[in-house]
Amino acid sequence: LAAVVSAVAVPVTLKIRTGSSPAQRNGVQIARIAEDAGIAALAVHGRTRACAFKGEVEYDTIANIVRAVDIPVFANGDIDSPERARAVRDHTGAAGVMIGRAAQGRPWLLGQVADYLERGEYRAAPGAREQRTILAQHVAHLHAFYGDFMGTRIARKHFGWYLGDSRLARLHRSKFNRLETPVDQLRYIETLTTTKSPNTTSTPQIEDLAA
Ligand SMILES: Cc1cc2nc3c(=O)[nH]c(=O)nc-3n(C[C@H](O)[C@H](O)[C@H](O)COP(=O)(O)O)c2cc1C
């Protein structure tokens, strides 16, 4: 860590778990080593490596790490709503939170969390029509950033995350996954209709095939 910190002019941040296994939970010790090496900020996924993605996140261990060092610590693991983000921040005393899976297909979640942590309120998730616009922009940016070949392939997983896991979404996914060009993918997204799903009271999803 010290070698990396001294080799570059920019701040170096680090992400760790709470240890290699429940029997070897050395996150506090590693955090202190990181701070001594000049690491500028630390993100902690509150599980051990052996726990992979299973079991409860150890927010208590993250709180211990926050108390043990003076550098900013970001709490990570299973944060999927603004309310949960605030509860985790309050419980751990972390400087902020890091969000992974819950933002897949829901990039507006990050703005909602930021607003809630800052002001105690947040805007509702975008409606289905706006979600479709965001999806189209996101996919177009993937094409531009990664190029046509990789961009179309990377867009497939994002398309799946936006649409979710309903039977209809799976049908869309299997069709979308066979499209090979940016223009075909963007045209397909335009054909998605945006009716509210009959069996959910939550935010309308991008849902139906065009008539
Ligand atoms: C598809 C995927 C890829 C990931 N890649 C990395 C990675 O390259 N480096 C890393 O430190 N963590 C990686 N993670 C772990 C996440 O950064 C995060 O610690 C973990 O998903 C727990 O946070 P979450 O519950 O908000 O998803 C990855 C997670 C997923 C689902």
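Owing to the predicted nature of the structure, the values given are computational and were not obtained by experimental measurement.

1. Let's talk about the packing of helix 7 (residues 167-176) against helix 8 (residues 182-191)
Orientation of helix 7 relative to helix 8, taken along the N-to-C sense of each, is 160°, at an axis distance of 11 Å. Compared by their axis directions, helix 7 and helix 8 come out roughly antiparallel. The handedness of the crossing between helix 7 and helix 8 is right-handed. Seen from helix 7, the contacting residues are His-172, Lys-175 and Phe-176; seen from helix 8, they are Gln-185, Tyr-188 and Ile-189. Here the residues of the contact of helix 7 with helix 8 sort into three nonpolar, two polar and one charged.

2. Structural notes on helix 5 (residues 108-119)
Helical periodicity: at 3.6 residues per turn, an α-helix aligns residues three or four positions apart in one direction. Given a rise of 1.5 Å per residue, twelve residues ought to cover 16 Å, and the 16 Å separating the end C-alpha atoms of helix 5 matches this to within 8%. Those residues of helix 5 that sit buried are Trp-108, Leu-109, Gln-112, Val-113, Asp-115, Tyr-116 and Leu-117. Contacts made by the buried residues of helix 5 are with helix 4 (82-92), strand 4 (96-98) and helix 6 (128-163). Where helix 5 terminates, the next one or two residues include Gly-120, which has phi positive at roughly 80°.

3. Notes on the domain arrangement of the protein chain
Taken domain by domain, the protein chain consists of domain 1 (2-119) and domain 2 (128-191). Tallying the contact residues gives four residues for domain 1 and four residues for domain 2. Of the roughly 440 Å² buried between domain 1 and domain 2 on both sides combined, carbon and sulfur atoms contribute 74%. Considering only the side of domain 1, the residues that lose the most area to domain 2 are Gln-104, Gly-105 and Trp-108, jointly responsible for 85% of the buried surface there. For the pair domain 1 and domain 2, the number of links is zero salt bridges. Our count for the domain 1 to domain 2 interface comes out at zero residue pairs in polar contact (both at pLDDT 80 or more). Grouping the constituent residues of the side of domain 1 that touches domain 2 by class yields two nonpolar, two polar and no charged.

Procedures and definitions
- Residues numbered from 1 in each chain as written.
- Predicted model: local features only at pLDDT ≥ 70, side-chain atom pairs only at ≥ 80, totals over all residues.
- Heavy atoms only, no water.
- Axes fitted to C-alpha atoms, helices over the stretch in contact; angles between N-to-C directions.
- Helix = DSSP H or I, 4+ residues; strand = E, 2+ residues; numbered from the N terminus.
- Parallel < 35°, antiparallel > 145°, perpendicular 65-115°, else oblique.
- Left-handed = near helix turned anticlockwise from the far one by under 90°.
- Contact = heavy atoms within 4.5 Å.
- Nonpolar A, V, L, I, M, F, W, Y, C, P; charged D, E, K, R; others polar.
- Expected span 1.5 Å × (residues − 1).
- Buried < 20%, exposed > 50% of the residue type's maximum accessible area, 1.4 Å probe, protein only.
- Domains from an automatic or database assignment.
- Buried area = accessible area lost by both parts, 1.4 Å probe.
- Salt bridge = Lys/Arg side-chain N within 4 Å of Asp/Glu carboxyl O.
- Polar contact = N/O pair within 3.5 Å; in protein donor to acceptor, adjacent residues only side chain to side chain.

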